[in-house]
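Chain and residue survey
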Amino acid sequence: MSELIPDQKRLTEIQSVYDNLTLLGQLLGAGTDITRMRNDFTALASLLLEQLANEHYKKAALNLNSSAQVAIDVLTRNLYERTADIGFLATDSVIREFAEQSSINSSQTDSFAWQARLQSRFAQYVNKYSVYHNIVVLSLDGTVLTQLDQNNPVTSINDVFLKEALTTEVGYTEIFRPTDLLPGEVSPLVYAYRIMSVDGSRPTGVLCLCFRFQDECQRIFDNLVYEDDWTVLTMLDNSGRIIASSDHLQFPVGVRMEPVEGGDCKVIRFSGREYLAISHRAHGYQGYMGPGWFGHAMVPLNHAFEMSNAHELEDVPDDILNCVLETASLFGQKLRDIPLKATSIQQELNRSVWNGHIWLAGDNAAHNAEFAKVLLREIGSTGIRTRNVYSESTTNLYKTIVASVLFECSSHAALAIDIMDRNLYERANDCRWWALTPIFREELAKINLQDKAQRVKLVDVLRTINALYTVYENLILFDAVGRVIAVSNPAYNDLVGEVLQEDWVRPTLSLSDDQSYHVSRFAPFRVYDGRPTLVYSATVRAADDNETVGGIAIVFDAIPQFKAMLEDSLPYETGGGLPEGAFAVFVERSGLLISSTNPALVPGHKMDFPASFAQLPPGESRSMIIEYAEKYYAVGACMRAGYREYNSMADERSTDVMALVFSPLSDRVILGNQLRLPQATTNGVYAIRQIKSEETLDVASFYIGNNWYGLRSTCIVEAVDVERITPIPGSAPSIRGYLIYKDKALTVYDVSGILGTRKSESERRVSRQGVVSRTQILVLRGEPEQPLFGVAVDSLGDIAEIPVARIQHDPGMANIRGSVVDSIVKPLDSDPERRLMLILSVTRLLEQLSGNK
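Not measured: the values here are computed from a predicted model. (Residues numbered from 1 in each chain as written. Predicted model: local features only at pLDDT ≥ 70, side-chain atom pairs only at ≥ 80, totals over all residues. Heavy atoms only, no water.)

**Topic: the overall build of the protein chain**
This is how the line gets drawn: Strands here are runs of E lasting at least two residues and helices are runs of H or I lasting at least four, both read from the DSSP assignment and numbered beginning at the N terminus. In this scheme, a residue with accessible area under 20% of its type's maximum is buried, one over 50% is exposed, and one in between is partly exposed, where area comes from a 1.4 Å probe on protein chains only. Note on contacts: a residue pair is in contact if any heavy atoms of the two residues lie within 4.5 Å. Each accessible area is a Shrake-Rupley estimate made with a 1.4 Å probe; only the visible protein chains count as cover when residues are assessed.
Each helix and strand counted, the protein chain has 19 helices and 34 strands in total. Per-residue burial for the protein chain yields a buried fraction of 55% across its 853 residues. Long-range pairs, those at least 24 residues apart, make up 64% of the contacts in the protein chain with a sequence separation of at least 6. Element-wise, carbon and sulfur atoms account for 50% of the exposed surface of the protein chain, whose accessible area totals about 36,500 Å².

Dropping the structure here:
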């Protein structure tokens with residue numbers, strides 16, 4: 001993981017500083033032994049690198065898992081449509097008549113008229129279903145009776161699939177292997193099924209549909225692998241043989257690989273190179289599980305863990321991003337604890353430095369005092385550097401994780417739109433092709449409303465189609481005035497004989513040719529039991545003079561079908577689970593909701609979303625962070641663009657639909673002033689003497705609340721950790737508890753009430769730098785005969801060598817009843833905050849505390 005090298009290098013450099021400072025501190029004394037802090041740093045550095053590595057792996061694994069699963073699922077959806085196509089086309093009356101005539105007298109069907117008729121019929125079909133490159137009709141002995149591709153030299157075949165197609169009890173035969181039907185193709189995908197005689201008593205031939213398999217796989221790969229992406233996608237058959245590849249140079253078709261099943265990515269070797277890889281079988285669609293193939297995703301190991309720059313965050317306002325980073329539920333507790341532990345190390349170092357300065361201030365004859373001060377400052381700087389390094393590393397990682405979620409949402413929104421366009425491409429094809437069904441054209445041209453036999457004949461065909469194409473609620477055949485003649489779903493028999501008043505009927509009857517179709521607006525329709533849906537329709541024309549004799553409407557089962565598309569597009573986690581609260585929607589630019597996986601969002605109602613999404617051009621994606629349902633959400637959006645020659649819808653609404661994918665980033669929303677994220681820290685402005693020749697006073701500073709206080713260093717024994725304090729039940733508010741210090745119990749006071757800075761415990765544990773602070777205890781000495789006592793403070797400041805000229809003594813302060821302030825330190829010009837430090841009097845402080853017991 002080369003991305004971790006800079007972090008590892010910085011941590012190693014700081015570790016070396018700790019080693020040197022620990023040795024020097026042990027030699028010098030002066031309270032500068034930082035052995036424990038060095039050990040804490042070493043452990044935390046190891047934890048940070050482990051967490052960084054885990055997050056890099058999770059991102060790589062999630063991307064590979066998603067790519068492999070999506071690739072095989074999209075292909076399986078496509079192949080499901082092909083299994084329905086072959087079953088219905090084999091019942092086409094023109095093809096059945098041709099095959100039956102050929103079985104009786106092949107010379108008759110060899111005529112130019114018959115061949116031209118079949119060629120025209122096949123051409124019409126492929127013009128609509130462009131996923132096929134050839135259609136072939138075979139006799140029972142394998143002779144090629146006719147085919148669309150006149151460049152295919154095959155005249156007969158001797159393949160076992162011929163027998164399979166004639167005897168199978170399933171509605172199709174799926175062939176994916178070399179076959180003499182398509183010589184020269186390594187792995188053609190062919191769907192075949194028997195053609196029955198006109199009376200249905202016997203098979204008379206076999207129909208074959210030749211699918212553009214490599215072309216379709218390439219389209220899938222192009223949607224999943226971006227230009228600068230190192231990922232390689234392949235399809236593997238049951239034996240592990242590569243049957244399609246996004247990179248034929250690295251992984252050529254025909255090579256065998258071991259599928260990586262089980263849900264966990266593994267390192268594999270191929271051609272002397274290591275790859276991180278995963279394989280997935282299809283989830284299945286409408287009960288069809290596909291041929292049993294694998295989607296297989298790989299990425300070279302040396303590129304697998306590259307974290308790209310977080311470009312997705314460039315348009316996110318800093319205040320929103322900081323709030324998200326503070327509240328995000330994406331980060332595990334170990335990862336969240338790292339900045340806090342780094343802050344704890346810094347605080348311990350600060351206390352060590354603080355106590356070292358106190359020791360030096362109390363020992364005027366201290367050996368190497370100047371060197372000790374330099375060492376102490378270096379230790380303090382190392383603490384600041386420690387915290388800053390951890391803060392920067394973890395914050396950058398947080399940002400990368402959030403950016404990954406944004407990228408994932410936009411990618412899954414694009415996937416949802418791709419699935420929708422592919423699906424509706426089939427709907428547009430179906431209505432146009434079924435409008436050319438000879439029996440519809442013939443019977444509607446001579447419709448007789450009193451002829452029940454005619455209606456039964458039409459109903460049987462509609463039900464046969466609907467049984468094969470289960471994505472429809474109903475198929476409706478109507479005449480030239482819009483009167484319903486037949487329906488496939490018996491639940492809608494009450495429509496028969498009624499003139500449809502829906503707004504899609506008239507445009508359907510006015511279509512100009514057999515390549516045209518109409519799609520309704522997404523709205524509630526009676527033909528879908530009053531629920532919102534899309535109705536695809538096409539004109540039915542008389543076979544002899546092409547006059548409009550009616551139309552066919554196919555009612556898309558929108559509620560379950562759109563929801564299934566969205567569910568297949570959700571950003572599932574590596575283990576297969578869905579992030580709690582994640583959902584996806586299809587919505588029009590106007591805000592009209594088409595479908596949602598969120599039960600609270602009802603199709604047909606309006607939905608609010610960012611205006612910038614509605615301005616997306618066709619095929620474009622974007623992502624952003626929004627507040628929704630009192631949480632921060634990553635939202636990805638993608639506008640429809642169409643699939644193959646199908647340019648989305650058939651009118652001006654063609655780019656009106658987009659997919660939105662929502663993934664929660666947090667469990668709450670906060671205000672900017674509630675932020676607790678650690679920020680980079682620098683040395684205090686009073687830490688170093690400004691002019692060495694000036695007379696100075698050593699003042700130990702600290703914070704209570706947001707106020708800055710100081711005490712003369714000679715009044716302080718040392719600072720100790722609050723964890724050593726024992727609370728006293730029922731004590732006065734000013735008494736915090738007892739502390740065992742050098743085998744003696746001393747009282748610890750809470751002076752916030754005296755100073756007028758009393759806050760709740762949770763508020764006081766947030767320091768000026770915006771992080772939760774561990775309270776410190778100052779051990780103080782009063783008059784010689786008085787016992788030591790402790791004062792609780794929120795955090796330690798600097799031991800500052802302050803020029804006496806900046807200290808303002810005000811005799812009037814001593815006369816103010818209850819005042820514990822001895823003097824004020826005027827702010828430096830270089831201090832942007834112009835902060836005042838109040839130097840307290842230990843004597844007055846003790847007097848006040850004694851009076852408040």
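Moving on from the model shown.
**Some thoughts on the sheet that holds strand S34 (residues 837–840)**
In any sheet, the strands associate via hydrogen bonds between backbone groups, in a parallel or an antiparallel arrangement. Worth spelling out the cut-off: Note: two strands are recorded as paired if DSSP finds a minimum of 2 bridges between them. In this description, a line fitted to the C-alpha atoms serves as the axis of each element, helices being fitted only across the stretch in contact, and the angle between N-to-C directions of two axes falls anywhere from 0 to 180 degrees.
Ordered by their spatial adjacency, six strands build an open sheet running S31-S23-S24-S34-S33-S32, and the pairing between neighbours is mixed. Two strands lie at the open edges of the sheet, namely strand S31 (795–803) and strand S32 (807–809), each paired on one side alone. Between one strand axis and the next, the sheet turns through 35° on average, direction left out of account. Relative to strand S24 (residues 707–712), strand S23 (residues 696–704) is paired through six bridges, and the arrangement is antiparallel.

**Structural notes on the confidence of the model for the protein chain**
Stated precisely, the cut-off is as follows: One number per residue, pLDDT, summarises how confident the predictor is, and it ranges from 0 to 100.
Summarising the model, the protein chain shows a mean pLDDT of 85, and 90% of its residues fall at 70 or more. Contacts for the low-pLDDT stretch residues 648–654, under 50 throughout, to residues beyond four places or in other chains number 20 contacts.

**Remarks on the sheet that holds strand S9 (residues 273–281)**
A sheet is described by the order of its strands in space; here five strands give the open sequence S7-S6-S10-S9-S8, paired in antiparallel fashion. Of all strands in the sheet, those with a lone pairing partner are strand S7 (242–245) and strand S8 (266–270), marking the two edges. Taking the axes of each pair of neighbouring strands and ignoring which way they run, one obtains an average angle of 35° across the sheet. Alignment of S9 against strand S10 (residues 294–300), held across seven bridges, turns out to be antiparallel. Note that in S10 the partner of Leu276 across the bridge is Val299.

**A word on the environment of Gly205**
Mapped onto the fold, Gly205 is located in strand S5 (residues 203–211). In this structure, the C-alpha to C-alpha distance between Gly205 and Ala99, residues 106 residues apart in sequence, is 5.9 Å. Ignoring any residue separated from it by four or fewer positions in sequence, one finds Gly205 in contact with Leu138, Ser139, Leu140, Leu166, Tyr193, Arg194 and Ile195.

**Overview of the environment of Ala403**
Considering the arrangement of structural elements, one finds Ala403 in helix H10 (residues 369–434). Assessed through its relative accessible area of 4%, Ala403 is described here as buried.

**Let's talk about the packing of helix H11 (residues 438–445) against helix H12 (residues 452–468)**
Going by this rule: For classification purposes, an angle smaller than 35 degrees is called roughly parallel, one larger than 145 roughly antiparallel, one from 65 to 115 roughly perpendicular, and anything else oblique. Handedness of a crossing follows from how the near helix is turned relative to the far one, being left-handed for an anticlockwise turn of less than a right angle and right-handed for a clockwise one. Here the term charged refers only to Asp, Glu, Lys and Arg, the term nonpolar to Ala, Val, Leu, Ile, Met, Phe, Trp, Tyr, Cys and Pro, and the term polar to all other amino acids, Gly among them.
At a minimum axis distance of 11 Å, the contact between H11 and H12 shows a crossing angle of 155°. Relative to H12, the element H11 lies roughly antiparallel. The chirality of how H11 crosses H12 is left-handed. Contact residues: H11 offers Ile439, Phe440 and Glu443, while H12 offers Gln454, Lys457, Leu458, Val461, Leu462 and Ile465. A breakdown of the residues in the contact of H11 with H12 according to their chemical character gives six nonpolar, one polar and two charged.

**Details of unusual backbone geometry**
The phi dihedral of Gln286 falls on the positive side, at around 55°, and the residue is not glycine. Tracing the backbone through its elements, the reader meets Gln286 in the loop between S9 and S10. Residue Gln286 is classed as partly exposed on the basis of its relative accessible area of 36%. At Asp743, a residue that is not glycine, the phi angle is positive and equals roughly 65°. Considering the arrangement of structural elements, one finds Asp743 in the loop between strand S27 (735–741) and strand S28 (744–750).

**Thoughts on the pairing of strand S11 (residues 472–479)**
The buried fraction of S11 is high, at eight of eight residues. Of the strand pairs in this sheet, S11 and strand S17 (residues 548–556) are connected by seven bridges, and their pairing is antiparallel. By the bridge assignment, Leu477 is partnered in S17 with Ile552. As defined by bridge partners, S11 adjoins strand S12 (residues 484–487) across three bridges and the pair is classed as antiparallel. Paired with Ile476 across the two strands is Val487, which belongs to S12.

**Let's talk about the packing of aromatic side chains**
Put simply, the rule reads: Here a Phe, Tyr or Trp ring, Trp counted by its six-membered ring, pairs with any other such ring whose centre lies within 6.5 Å, and the pair is stacked when the planes are under 30 degrees apart, edge-to-face when over 60, and tilted otherwise. Should the NZ of a Lys or the CZ of an Arg lie within 6 Å of a ring centre and within 35 degrees of the ring normal, that charge is described as sitting over the ring.
Per the counting criterion, the structure on display carries 34 aromatic pairs. For the pair Phe556 and Phe562, a centre-to-centre distance of 5.2 Å together with 70° between the ring planes defines the contact as edge-to-face. Each member of the pair, Phe556 as well as Phe562, is classed as buried. We note Arg531 situated over the ring of Tyr528; from NZ or CZ to the ring centre the distance is 3.9 Å.

**Some thoughts on helix H14 (residues 558–567)**
Note the following rule: Each C-beta atom gives one direction from the helix axis, and the arc is the one those directions make.
Every buried residue of H14 is accounted for by Ala558, Gln561, Phe562, Met565 and Leu566. Seen from one end, H14 has its buried residues packed into an arc of 135°, which puts them on one side.

**Structural notes on the side chain of Gln69**
Applied cut-off: Any N or O atom pair separated by 3.5 Å or less is treated as a polar contact, with the protein-specific requirement of one donor-capable and one acceptor-capable atom, and with residues adjacent in sequence counted only for side-chain atom pairs.
For Gln69, the position within the fold is in helix H2 (residues 35–89). There is a polar contact of 3.3 Å between the side chain of Gln69 and the side chain of His280. Those residues in contact with Gln69 that sit more than four places away from it in its chain are His280, Arg281, Ala282 and His283.

**Description of helix H7 (residues 213–224)**
Put simply, the test is: Expected helix span is computed as 1.5 Å times (number of residues minus one).
The terminal C-alpha atoms of H7, which comprises 12 residues, lie 17 Å apart, in line with the 16 Å expected from a rise of 1.5 Å per residue. If you check which residues of H7 are buried, you get Phe213, Glu216, Cys217, Ile220, Phe221 and Leu224. Axial view of H7: buried residues confined to an arc of 135°, hence all on one face.

**Re the environment of His296**
Within the secondary structure, His296 is located in strand S10. For His296, a relative accessible area of 0% translates into the label buried. On a C-alpha basis, the gap between His296 and Pro259 in space is 7.3 Å, while along the polypeptide they are 37 residues apart. Setting aside its immediate chain neighbours within four residues, His296 contacts Ala68, Val232, Leu233, Thr234, Leu236, Met257, Glu258, Val260, Ile268, Ala277, Ile278 and Ser279.

**Things to note about the pattern of salt bridges**
Close approach of charged atoms allows side chains of opposite charge to pair. Keep this limit in mind: Within this document, salt bridges are pairs made up of a side-chain nitrogen of Lys or Arg and a carboxyl oxygen of Asp or Glu, the two lying within 4 Å of each other.
Within the structure shown, the criterion is met by 31 salt bridges. The closest approach of N and O atoms between Arg38 and Asp19, which form a salt bridge, is 3.7 Å. Of this pair, Arg38 sits in helix H2 while Asp19 sits in helix H1 (residues 5–28), placing them 19 residues apart in sequence. Judged by its relative accessible area of 24%, Arg38 is partly exposed. According to the relative accessible area criterion, Asp19 is partly exposed, its value standing at 33%. In this structure, Arg483 engages Asp479 in a salt bridge whose closest nitrogen and oxygen atoms are separated by 2.9 Å.

**Description of the nonpolar core**
Heads up, the rule is: In these notes, a set of buried Ala, Val, Leu, Ile, Met, Phe, Trp, Tyr and Cys residues joined through side-chain atoms within 4.5 Å is what counts as a nonpolar core.
One finds Phe213, Trp434, Phe440, Phe562 and Phe586 to be the most contacted residues of the largest nonpolar core, which totals 176 residues. It is H10 that provides the largest number of residues to this core, a total of 26 residues. With residues near it in sequence (within four places) discarded, Phe440 still touches Trp434, Leu458, Val461, Leu462, Ile465, Leu477, Val540 and Ile552. One finds Trp354, Ala719, Leu755 and Val791 within the second-largest nonpolar core, a separate group that totals 28 residues.

**Re the side chain of Asp73**
Here is the rule we go by: The charge count includes Lys and Arg as positive and Asp and Glu as negative, but it does not include His or the ends of the chains.
Mapping Asp73 onto the fold places it in helix H2. Although buried, Asp73 forms no salt bridge, and the nearest oppositely charged side chain, Arg77, lies 7.3 Å from it. The contacts of Asp73, once residues within four sequence positions are left out, are Ala282, His283 and Gly284.

**Comments concerning the pairing of S10**
With seven of seven residues buried, S10 lies mostly within the body of the structure. The side-chain alternation of S10 yields two buried faces, one formed by Phe294, His296, Met298 and Pro300 and the other by Gly295, Ala297 and Val299. When strand S6 (residues 232–236) meets S10, the two strands line up antiparallel, connected through five bridges. Its bridge partner being in S10, Val232 is matched across the sheet by Met298.

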